[in-house]
Amino acid sequence: MLTGAHVTVFAHDAEAARAFFRDVLELPCVDGGDGWLIFEAPPAEIAFHPGGGWGQDEEQHMLFLMCDDIEQTMQELEAKGVEFVEPVSDEGWGLVAQLKVPGAGKLGLYEPRHPSPLQGR
């Protein structure tokens with residue numbers, strides 16, 4: 001029935017955000033036309049939390065890129081010039097940091113400590 005998920009990130013400077021995902025994160029992409037890049041995302045999981053949690057006032061959707069070793073991943077990204085705007089925090093269920101996406105605000109980096117449907121892939 002479902003074949004995938006399409007995530008839309010709204011950015012005040014979409015070209016800068018696209019360049020970051022293409023050149024720094026090196027995610028494969030295709031040109032959907034007129035430079036409108038559509039990126040291949042890593043495997044994903046979806047979790048539903050009660051609204052108003054984790055510093056949010058109401059229902060909100062968040063995007064985190066997942067990794068196996070947050071410290072190593074941060075070092076690799078910092079070597080490429082990525083700026084982290086929030087240090088690693090231990091939330092119990094995982095380690096989380098926030099990085100700056102040029103033209104698009106912050107994005108979460110997440111090392112999970114919970115069972116994941118992606119484990120073993």
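Below: a short report on this structure.

Rules used throughout
In every chain, residue numbers begin from 1 and rise along the written sequence. Since the coordinates come from a predicted model, pLDDT governs what is reported: local features require at least 70, and pairs of side-chain atoms require 80 or more to be given and counted, while whole-chain, interface and lining totals use all residues. Note that the side-chain values use all heavy atoms of the structure and ignore hydrogens as well as water. Secondary structure counts use DSSP, requiring at least four H or I residues in a row for a helix and at least two E residues in a row for a strand, with both numbered from the N terminus. Only C-alpha atoms enter the radius of gyration, while the globule expectation follows 2.2 Å times N to the 0.38, with N the number of residues. Only protein chains enter the accessibility calculation, which uses a 1.4 Å probe; a residue whose area is less than 20% of its type maximum is buried, one above 50% is exposed, and one in between is partly exposed. Computed by Shrake-Rupley with a 1.4 Å probe, the accessible areas treat only the displayed protein chains as cover when residues are assessed. Only buried residues count toward a nonpolar core. Its members are Ala, Val, Leu, Ile, Met, Phe, Trp, Tyr and Cys residues joined through side-chain atoms within 4.5 Å. Residue contacts follow a heavy-atom distance rule, with two residues in contact if any of their heavy atoms lie within 4.5 Å. Note on pairing: two strands pair once DSSP finds at least 2 bridges between them. Comment: arc refers to directions from the helix axis out to C-beta atoms. Whenever a nitrogen or oxygen atom comes within 3.5 Å of another N or O atom, the pair is scored as a polar contact, on the condition that within protein one atom can donate a hydrogen and the other can accept it, and that pairs from neighbouring residues in sequence are kept only if both atoms are in side chains.

**Notes on the overall build of the chain**
Next, step 1: Along the chain, the regular secondary structure elements total 2 helices and 6 strands.
Next, step 2: Taken against the 2.2 N^0.38 rule, which gives 14 Å for 121 residues, the C-alpha radius of gyration of the chain at 15 Å falls within 12% of a compact globule.
Next, step 3: Considered along the principal axes of its C-alpha atoms, the chain spans approximately 45 × 40 × 35 Å.
Next, step 4: Considering the chain as a whole, with its 121 residues, one finds that 27% of them fall into the buried category.
Next, step 5: When the accessible surface of the chain is split by element, carbon and sulfur atoms take 53% of a total near 8,900 Å².

**Some details on the nonpolar core**
Next, step 1: In terms of nonpolar packing, the biggest core is built from 20 residues, with Phe20, Phe84, Leu99, Val101 and Leu109 touching the most fellow members.
Next, step 2: The residues touching Val101, leaving out its near neighbours within four places in the chain, are Ala17, Phe20, Phe21 and Leu107.

**Here we look at the pairing of strand E5 (residues 94–101)**
Next, step 1: Of all 8 residues making up E5, 7 are buried, and the element is well covered by its neighbours.
Next, step 2: The pairing of strand E4 (residues 84–90) with E5 spans 4 bridges and is classified as antiparallel. Looking at the pairing, Asp90 lines up with Leu95 of E5.
Next, step 3: Hairpin connection from E4 to E5: 3 residues lie between these consecutive antiparallel strands, with Gly92 at a positive phi of about 85°.
Next, step 4: Note that E5 and strand E6 (residues 105–112) share 8 bridges and pair antiparallel. Of the residues in E6, the one forming a bridge with Gly94 is Pro112.
Next, step 5: In this antiparallel pair of consecutive strands, E5 and E6, the connection spans 3 residues, and Gly103 shows a positive phi of 80°.

**A short note on helix H2 (residues 70–79)**
Next, step 1: Ile70, Thr73, Met74 and Leu77 are the residues of H2 that are buried. Along the axis of H2, the buried residues cluster in a sector spanning 100°; they form a single face. Of the exposed residues in H2, the ones pointing more than 90 degrees away from its buried face are Gln75 and Ala79.
Next, step 2: Near the N-terminus of H2, the side chain that reaches the backbone nitrogen of Glu71, with its oxygen 3.2 Å away, is that of Asp69.
Next, step 3: Backbone geometry just after H2 places Gly81 at a positive phi near 95°.

It is worth stressing that arrangement in space is one thing and function is another; only the former is reported here.
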